[in-house]
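Structural overview
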Amino acid sequence: MNLLLYGAPGSGKGTQANMLRAHYGIPHIATGDMLRAEIASGTELGRQAQPILAAGRYVSDDIMIGMIRNRLRQPDCEPGFIMDGFPRTVPQAEALDGLMLDLGKRFDRVIYLRVPIDDLLHRLSGRLVCPRCQRTYPPGTLACEVDGSPLVQREDDKPEAVRPRIEIYLEKTVPVLDHYRVGGLVSEIDGRGTIEEISRQVLAAANGRVKA
Ligand code: AP5
Ligand code: MG
């Protein structure tokens, strides 16, 4: 089962990916989480990426494609994976087509979580994250339910970074959806219900029971 979660910042990709990971027992590949791990470890890539993420801009296609090329070759991806946050540009989508072909894999479904911009702004400004495992939580949550860590605000959820993130999504990432629509792989889900309601629809889409 190879799934691709598509949606704007704050649309619920990470939230639903956690559910899918638990359900199918396959890895969650989240390029934002991978970049934040590089930053936390103080690697050269992390040092380059930190100001880019803080400003809400995109890391270069070359770096991101190289990162995904290495990740998809890891043995834990063999039974399948859940991709979140990649591809974010048309060149990334084209490169991913080539990587999947080389690996003899294909996506079973692209799940688009559709959320209006006003809701996104509201969600991002209140979101809390676990600094240890990167799970995300709604406002008012005190500690991570998995490892008990006190929750923090993500650097790019500060007001000055949220607008640029939405703007770059509209400019560079919206065209990626058309790339997958052409292949008839997209299930579009209204991402505004409760997390549990959305999860039911995401699972139905992943299992091929819903086609939009
Ligand atoms: P990334 O970490 O991928 O951020 P993003 O795409 O901006 O998405 P988010 O993680 O903010 O949102 P989400 O959809 O996962 O929502 P969540 O589930 O947390 O990327 C970060 C940065 O890294 C990028 O800006 C860029 O700089 C760089 N980067 C990453 N990939 C790149 C690439 N391929 N190329 C170039 N640069 C790249 O939910 C949000 C909140 O809403 C939470 O509080 C959650 O609890 C709540 N929520 C979830 N579902 C619901 C619901 N149904 N109702 C109410 N609240 C809900
Ligand atoms: Mg996320």
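So, here's what we can say about the structure. Each chain has its residues counted from 1, following the order in which its sequence is written. Each chain is given a letter, starting from A, and each ligand a number, starting from 1, according to the order in which they appear as written. Thresholds applied to this predicted model are a pLDDT of at least 70 for local features of residues and 80 or more for the giving and counting of side-chain atom pairs; totals over whole chains, interfaces and linings are not thresholded and use all residues. The basis for every side-chain value is the complete set of non-hydrogen atoms in the structure, without hydrogens or water.

A look at the overall build of the protein chain
Our working definition: In this text, helices come from DSSP runs of H or I with a minimum length of four residues, and strands from runs of E with a minimum of two, each type numbered from the N-terminal end. For the radius of gyration, the atom set is restricted to C-alpha positions; the globular benchmark scales as 2.2 Å times the number of residues to the power 0.38. Relative accessibility under 20% of the residue-type maximum defines a buried residue, over 50% an exposed one, and the middle range a partly exposed one, all with a 1.4 Å probe and only protein chains included. Between two residues, a contact is recorded if the distance between any of their heavy atoms is within 4.5 Å. Two residue types count as positive, namely Lys and Arg, and two as negative, namely Asp and Glu; His and chain ends fall outside the count. Throughout, a charge is located at the NZ atom of Lys, the CZ atom of Arg, the CG atom of Asp or the CD atom of Glu.
Per the secondary structure count, the protein chain includes eight helices and seven strands. Against the 2.2 N^0.38 benchmark of 17 Å for 212 residues, the protein chain shows a C-alpha radius of gyration of 16 Å, consistent with a compact globule. A principal-axis box enclosing the C-alpha atoms of the protein chain has dimensions of 40 × 40 × 35 Å. Residues classed as buried in the protein chain amount to 46% of the 212 residues present. Within the protein chain, residue pairs in contact and separated by at least 24 positions form 70% of the contacts whose partners lie at least 6 positions apart. Mean positive and mean negative side-chain charge positions of the protein chain (27 and 27 charges, respectively) differ by 3 Å.

A word on the site of ligand 1
The following threshold applies: We call a residue near a molecule or strand as soon as one heavy atom of that residue lies within 4 Å of the molecule or strand. Polar contacts, as counted here, are pairs of nitrogen or oxygen atoms within 3.5 Å of one another; within protein the pair requires one atom able to donate a hydrogen and one able to accept it, and residues that are adjacent in sequence qualify only if both atoms are side-chain atoms. Reported accessibility uses the Shrake-Rupley method at a 1.4 Å probe radius. Residues are deemed covered only where the shown protein chains occlude them. For this classification, Asp, Glu, Lys and Arg are treated as charged, while Ala, Val, Leu, Ile, Met, Phe, Trp, Tyr, Cys and Pro are nonpolar and the rest, including Gly, are polar.
Close to ligand 1 lie 35 residues, the nearest being Thr 15, Arg 57, Arg 88, Arg 127 and Arg 165. The contact in question runs from an oxygen atom of ligand 1 to an N or O atom on the backbone of Lys 13, over 2.9 Å. At 2.8 Å from a nitrogen atom of ligand 1 is found a side-chain nitrogen or oxygen belonging to Thr 31. Protein chains shield 93% of the accessible area of ligand 1, which is 1100 Å² for the free molecule. In terms of residue count, the dominant contributor to the shell around ligand 1 is helix α2 (residues 31-41) (four residues). Grouping the constituent residues of the shell around ligand 1 by class yields 13 nonpolar, 13 polar and nine charged.

A few points about helix α7 (residues 159-181)
Here is the rule we go by: Every helix has an expected span of 1.5 Å times one less than the residues it contains.
The end-to-end C-alpha distance of α7, which contains 23 residues, comes to 32 Å, matching closely the 33 Å that a straight helix rising 1.5 Å per residue would cover. Those residues of α7 that sit buried are Ala 161, Val 162, Arg 165, Ile 166, Ile 168, Tyr 169, Thr 173, Val 176, Leu 177 and Tyr 180. Of the surrounding elements, those touching the buried residues of α7 are β1 (2-7), α3 (44-55), α5 (90-103), β4 (109-114), α6 (117-126) and β7 (186-190).

Things to note about the environment of Ile 168
You can see Ile 168 is positioned in helix α7. For the pair formed by Ile 168 and Thr 89, sequence separation is 79 residues and the distance between their alpha carbons is 9.9 Å. If we skip the residues at most four places from it in the chain, Ile 168 touches Gly 56, Arg 57, Tyr 58 and Thr 173.

As for the side chain of Arg 36
Topologically, Arg 36 is positioned in helix α2. A polar side-chain atom of Arg 36 sits 2.7 Å from a polar atom in the side chain of Asp 33. Those residues within four positions of Arg 36 in sequence are excluded, and the remaining contacts are Leu 53, Gln 134 and Arg 154.

Structural notes on the sheet that holds strand β3 (residues 81-84)
Rules: Here a strand pair is declared whenever DSSP counts at least two bridges between the two strands. Whenever a helix is involved, its axis is fitted only over the stretch in contact; in every case the axis is a line through C-alpha atoms, and angles between N-to-C directions fall within 0 to 180 degrees.
Taking strand neighbours across the sheet as the criterion, the five strands line up as β2-β3-β1-β4-β7 in an open arrangement whose pairing is parallel. Across the chains shown, the open sheet's two edge strands, defined by having one partner strand only, are β2 (28-30) and β7. The mean inter-strand angle of the sheet, taken between neighbouring strand axes irrespective of direction, is 20°. Pairing geometry for β4 and β7, over five bridges, is parallel. Across the sheet, Arg 114 pairs through a bridge with Asp 190, a residue of β7.

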